[in-house]
Every structure is written in C-alpha cells, then in structure tokens.
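One-letter residues, chain by chain:
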Amino acid sequence: MRHPKTLISAICGIGLAFATAFSVAPVTTAAAAAPTSAATSSYAAFNGSKAEAAGNKAFFEAVLKSVAEKRAANPGAQAVTVVYDASNAPSFAGQIASSASIWNGAVSNVKLQAGGNADFAYYEGNDPIGSYASTDGHGQGYVFLDYAQNQQYNSTRVTAHETGHVLGLPDHYSGPCSELMSGGGPGTSCQNTQPNAQEIAQVNALWANGLAAALAKVS
C-alpha cells in the first residue's frame, strides 16, 4: 500500500495499510524475502493507474493458473480451493487467518485454505511502498505486508483487502469505507474489514468462471 501520488511502476504494490488497536512490532530478524517483481500500486493511494490495473489482473491470473492446474488433476470439488502459505509472515498470522475466515464466510465459489503446495504466499517486512499484492514473474502470486502501514491502518482490513486482489478484485480508492477494496482511500479511521455485496458477487462470478476454465482443461 503506497501513499497518495506515489504510484510508480518499479515495485509491485497493491497494498492496504491498516491501523491496529494493538501494534504489530517489526521483528528483529528479517523475514524471508518476497520474490522480486515489478510493482504496480498501493493501498493508500487514492487514484488507480493502468499499471496498477495490469498488475491486479496479472496477479489474479497467476493464482488462477495455479488453481486451474490443480483442478485439472482433481476436478471433483464444487468450489475452487486456493491454498496459501503464511509461514513467511508470522507477525500477521492472526490477521491472515481472520482474512481467510472473512472471505470464506462471504463467498461460495472459492475457498481459502492454509497448506503446502500453495498457490500464493504472504510475506512481511519493511517496504517504502507499503503493502501490496504481486506476482513473482514465474506464475506464482504473493502478498507483502508492510509493518509501518499495518500500524497506521486497521491491519485486518489491510490483509483482507490484499487478499481481495488474490481473488481477482481491483482497487477502488474513491469508494466508501464500506467497500473493502477502497483500501486507504477513506483514511485511517476506516475500520471495516468486510467486503460489501457487490464485491462478494464479483468474486463469486470470477471464480465460477475460473472453475469452468479449470474444468475445461480436464475434458
């Protein structure tokens, strides 16, 4: 998540900062480094960009490709399962689990599950562009959670917002606090961690199509 007017295409940022009621203290030992990639946007920025939109789309497509390959091997399930690895973001274990629970309780065509052979991973650390979601350029997606932004903004909102990118949603900074993908647009006072009805419907539609595409690979 970047600050307003810092949308540069150097490091992939689709971030969301979140002011926690408790502090997420940076760990003294550096977390495992996130894959290197080209950045696109941030959580706190108020205006999207073409580069950001392209990054959002690339991230979603990378995750969907990973899921489709698994679906081709195991086509029986009714909902698409997206597996995540949170081991490289231990300071945010609670927020990541809450984010998965929020989305799993809201949507029906895709489910988030912690586990091995993950479709995407979470990382933590310090980055001047803030929190973001990205691809590593090799077909895998990841979410980076920045310490400073997660102290400034509601940390579960940040994490749920970034996870929304995993599920295919773009940023919409001009939206109200009730819209999860408005990110940092409504300011640090926004405490909403839930997607609204439109965002839920959009994710269900995206993954209904994603499931169809994955099943098509089997036939």
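For clarity, every value in this text was computed on a predicted model and none was experimentally measured.

What is the right way to look at the overall build of the protein in this model?
Counting its secondary structure elements, the protein contains 5 helices and 5 strands. Reading the protein from its N terminus to its C terminus gives the helix and strand order α-β-α-β-β-β-β-α-α-α. Here the protein, with 219 residues, has 52% of them falling under the buried criterion. Summarising the internal contacts of the protein: among those between residues at least 6 apart in sequence, 74% fall at separations of at least 24. Carbon and sulfur atoms provide 57% of the accessible area of the protein, an area that totals close to 9000 Å².

Please explain helix α2 (residues 93–106) as it appears in this structure.
The α-helix winds at 3.6 residues per turn, so residues separated by three or four positions along the chain end up facing the same way. In this model, α2 (14 residues) spans 20 Å end to end at C-alpha, consistent with the 20 Å of a helix rising 1.5 Å per residue. Taken as a whole, α2 has its buried residues at Gln95, Ile96, Ser99, Ala100, Ile102 and Trp103. Relative to the axis of α2, the buried residues are bounded by an arc of 160° and lie together on one face. Of the exposed residues in α2, the ones pointing more than 90 degrees away from its buried face are Ser101 and Gly105.

In this structure, what is going on with the nonpolar core? I would like to understand it.
Across soluble globular proteins, nonpolar side chains show a tendency to be buried alongside one another. One finds Val82, Trp103, Phe120 and Trp207 to be the most contacted residues of the largest nonpolar core, which totals 32 residues. Of all the elements in the fold, those that place two or more residues in this core are α1 (50–73), β1 (80–88), α2, β2 (110–114), β3 (120–125), β5 (141–146), α4 (155–166) and α5 (197–216). In terms of residues, this core owes the most to one element, α1, which gives 5 residues. Those residues within four positions of Trp103 in sequence are excluded, and the remaining contacts are Leu112, Ala160, Thr163, Gly164, Leu167, Leu169, Leu180, Pro195 and Val203. In terms of nonpolar packing, the next biggest core, distinct from the first, is built from 6 residues, Ala121, Tyr123, Ile129 and Tyr132 among them.

What should I look at first to understand the pairing of β2 in this one?
A regular strand places its side chains so that they alternate between the two faces of the sheet. As defined by bridge partners, β1 adjoins β2 across 5 bridges and the pair is classed as parallel. Paired with Val80 across the two strands is Val110, which belongs to β2. Tracing the backbone out of β1, into α2 and back to the parallel element β2 gives a crossover that is right-handed.

Cut-offs and rules
In this convention, every chain numbers its residues from 1, walking through the sequence in written order. For a predicted model such as this one, the threshold for reporting local features is a pLDDT of at least 70, and the threshold for listing and counting side-chain atom pairs is 80 or more; totals across whole chains, interfaces and linings nevertheless cover every residue. Note that water and hydrogens are dropped before the side-chain values are worked out from all heavy atoms of the structure. Strands are runs of DSSP state E lasting at least two residues, helices are runs of H or I lasting at least four, and both sets are numbered from the N terminus onward. Note on classification: 1.4 Å probe, protein chains only; a residue is buried when its accessible area is under 20% of the maximum for its type, exposed when over 50%, partly exposed between these limits. Note on contacts: a residue pair qualifies if any of its non-hydrogen atoms lie within 4.5 Å across the two residues. Each accessible area is a Shrake-Rupley estimate made with a 1.4 Å probe; only the visible protein chains count as cover when residues are assessed. A helix is expected to span 1.5 Å multiplied by its residue count minus one. The directions from the helix axis to the C-beta atoms are what the arc is built from. Each nonpolar core is a collection of buried residues, namely Ala, Val, Leu, Ile, Met, Phe, Trp, Tyr and Cys, held together in the definition by side-chain atoms within 4.5 Å. The rule for pairing is simple: two strands pair if DSSP sees at least two bridges between them. Crossovers are described as right-handed under a simple rule: with the strands pointing away from the observer, the path leading from the first strand over the helix to the second runs clockwise.

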